[in-house]
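So you can see what is in the structure, the chains are spelled out below.
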Amino acid sequence: VMDYIDGETLDDYLAECGDGFSTQRRRDAECAEVGDGVAAALRDDGRARTPGAPLGGLPESEVLRILRPIAAALDYAHSEGVVHRDVKPANIMIRKDGTPFILDFGIAREIQETMTRVTGKLSSGTLLYMSPEQLNGDAPKPAQDVYSFAAMAYECLKGEPPFVRGDISDQIKNKVPESLPGGPRSCAAAIMSGLAKNPEDRPPSCAAVLGEGIGRVEHVERVEHAESDRGGARRRGGLVKALVKVVSAFALIGAFVLGALFVADWMGRPSKKDAIQSIIANMVKIPDKGFKMGMYEVTQAQWQAVMGENPSKFKYWFKWNNPVENVSWNDCKKFLGRLNALPEVEASGLAFRLPTEEEWEYACKAGGTGDYCRLADGTEITESIVARVAWYDDNSEDETHPVGQKKPNAFGLYDMHGNVWEWCGGKENASGTLLALRGGSWGSCARECRSSGRGRLHPRDRDWVYGFRLCCSVKDEAYGEQVERDRADRQQGHGACAAIEDPLDEYLAPAPSHQQGGMGPIVPIVMIVIVVYLVRSAVRRYSKNRGLRKNDG
């Protein structure tokens, strides 16, 4: 029983894929006589092929893929005492899935081809692949198959058998075939050793004919896989490295921008001296009244200069001129105590305090008779045009804005409407717990920002909409009166200063030593240095790991 193999012979495969020697060419080389008996190879079309014209073989990896199973099969047959005696491409079938098979086992001794009658002795085989001892009619031995196998491998690589022109049988016995090209890892040397004239000089097995080749193909496959893996790793590594570079670049740019913003923000903040001087210089005398009112709401820079910290919600990135907020009435009293204790303020002869509600409303209206202030040109502000003088819910974008950006009233006071609610001083209401705020804020509607608009809260309450404005008069008149009034209120047990154990001591408490603003630009500079160091360390570790992986590969 014989199996049917759906495929083609190695002979046809060579002719198709490698421009190899076809069956017709072999017959022509063995049987055709030209001139004085020298055999010549013919083209498939019957015309003589130019001697020495190159033929294309298969790639070495493809040859090894096909012949490795064949070598194993022949060596197994030899171990069982069977010699094939007719190893040639025509007896190798390649199934459509690429699996090779060797044919004609067991019949080599019975089938005698006329083309083998070249020695005068009966010898089965095909001339182009016969060994010298097989031509001489010696007894079959595995070394004969080794030679035939080497001749077939030779053809697979070069595109033609070792001898195809002239007296082939004489050349098989006496002439050394043309060497196969190949590097130190090529199987060419082993194949050439398989074509040795002396059987003892040949490799001991067909597998040994490909011994270096098998080792090489495994090595090549490993190298190809390794190269593929390394190529993939290089591509992945290249992407990762590019990503690291991009992230590093963005990190460095971000750190630089962030640091620059910190430095610019710090440099843009007024110094403590300038902030205190701005408080003193920006007090406006209210006509026909014995007090002065701050031209602006107290700013974050001024609060920072006096208190050494900034409680505001909206306090970052160039907001030093925004009004301070998130302060309670008690916080304002602490601020006043520390401010009035400063040498610059004492030298100015001023005593700062919170305005009373009456003072605040009079200063806000600036001689106006409507619900809002009057401008210097006599315009009476109404609800429809309140945006000229106020930051409120329709235009504030839910945050405070730098003081002094809107139009001032007729007394030269800014932001009396909107931006932040302003705490007022004076006695608490009848309940004994609530104090007034006036003017509305960035979150108020226009109606809440009227001159008469007011809110009432506990002295300890804080919010992002609560700020204040300073008022002052001559120190020996107003400051002393305010202290005595606060002390009397506390003694009665219901004053707004009940939260302060000793108002005078609290007002005169020294400012904390860190009121200069802390570390200044040192913090952003240190941040930049740390970010740069971390990024560079990450890149170095990545490069080192890549180098170790390459060495391991």
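Residues numbered from 1 in each chain as written. Predicted model: local features only at pLDDT ≥ 70, side-chain atom pairs only at ≥ 80, totals over all residues. Heavy atoms only, no water.

1. With respect to the sheet that holds strand 9 (residues 421-423)
And then number 1: Spatially, the four strands line up as an open sheet ordered 11-10-9-12, and their pairing is mixed. The sheet is open, and its two borders are formed by strand 11 (454-457) and strand 12 (466-468), each paired with just one other strand. The average angle at which neighbouring strand axes cross in this sheet is 45°, direction not considered.
And then number 2: Pairing of strand 10 (residues 435-438) with strand 11 involves four bridges; the strand directions are antiparallel. Residue pairing across strands places R438 opposite R454, the latter belonging to strand 11. (Pairing = 2+ DSSP bridges. Helix = DSSP H or I, 4+ residues; strand = E, 2+ residues; numbered from the N terminus. Axes fitted to C-alpha atoms, helices over the stretch in contact; angles between N-to-C directions.)

2. Considerations on the confidence of the model for the chain
And then number 1: Overall, the prediction assigns the chain a mean pLDDT of 76, with 66% of residues at 70 or greater.
And then number 2: Between residues 109-122, whose pLDDT stays under 50, and residues either more than four places distant or in other chains, the model counts 26 contacts.
And then number 3: Note that residues 489-521 has pLDDT below 50 and, in this model, 60 contacts with residues that lie over four places away or in other chains. (pLDDT = per-residue confidence, 0-100. Contact = heavy atoms within 4.5 Å.)

3. A look at a negative patch on the surface
And then number 1: Together, D393, D394, E397, D398 and E448 make up a negatively charged patch on the protein surface.
And then number 2: Summarising the element assignment, D398 is placed in the loop between strand 7 (390-391) and strand 8 (417-418).
And then number 3: Residue classification places D398 among the exposed positions, given a relative accessible area of 54%. (Patch = residues over 30% accessible without salt bridge, like charges linked within 9 Å, V, L, I, M, F, W, Y side chains within 5 Å. Areas by Shrake-Rupley, 256 points an atom, 1.4 Å probe, with all protein chains shown as cover. Salt bridge = Lys/Arg side-chain N within 4 Å of Asp/Glu carboxyl O. Lys, Arg positive; Asp, Glu negative; His and termini not counted. Charge placed at Lys NZ, Arg CZ, Asp CG, Glu CD. Buried < 20%, exposed > 50% of the residue type's maximum accessible area, 1.4 Å probe, protein only.)

4. Here's the deal with the sheet that holds strand 2 (residues 92-95)
And then number 1: The sheet built from three strands is open, its strands ordered 1-2-3 with antiparallel pairing. Because the sheet does not close on itself, it has two edges, and the strands there are strand 1 (7-9) and strand 3 (100-102). With direction set aside, neighbouring strand axes in the sheet form an average angle of 25°.
And then number 2: Pairing between strand 2 and strand 3: three bridges, direction antiparallel. Bridge pairing in strand 3 links M93 to F101.
And then number 3: Sheet strands in contact with helix 3 (residues 60-79) are strand 2 and strand 3, and its direction is about 30° off that of strand 3.

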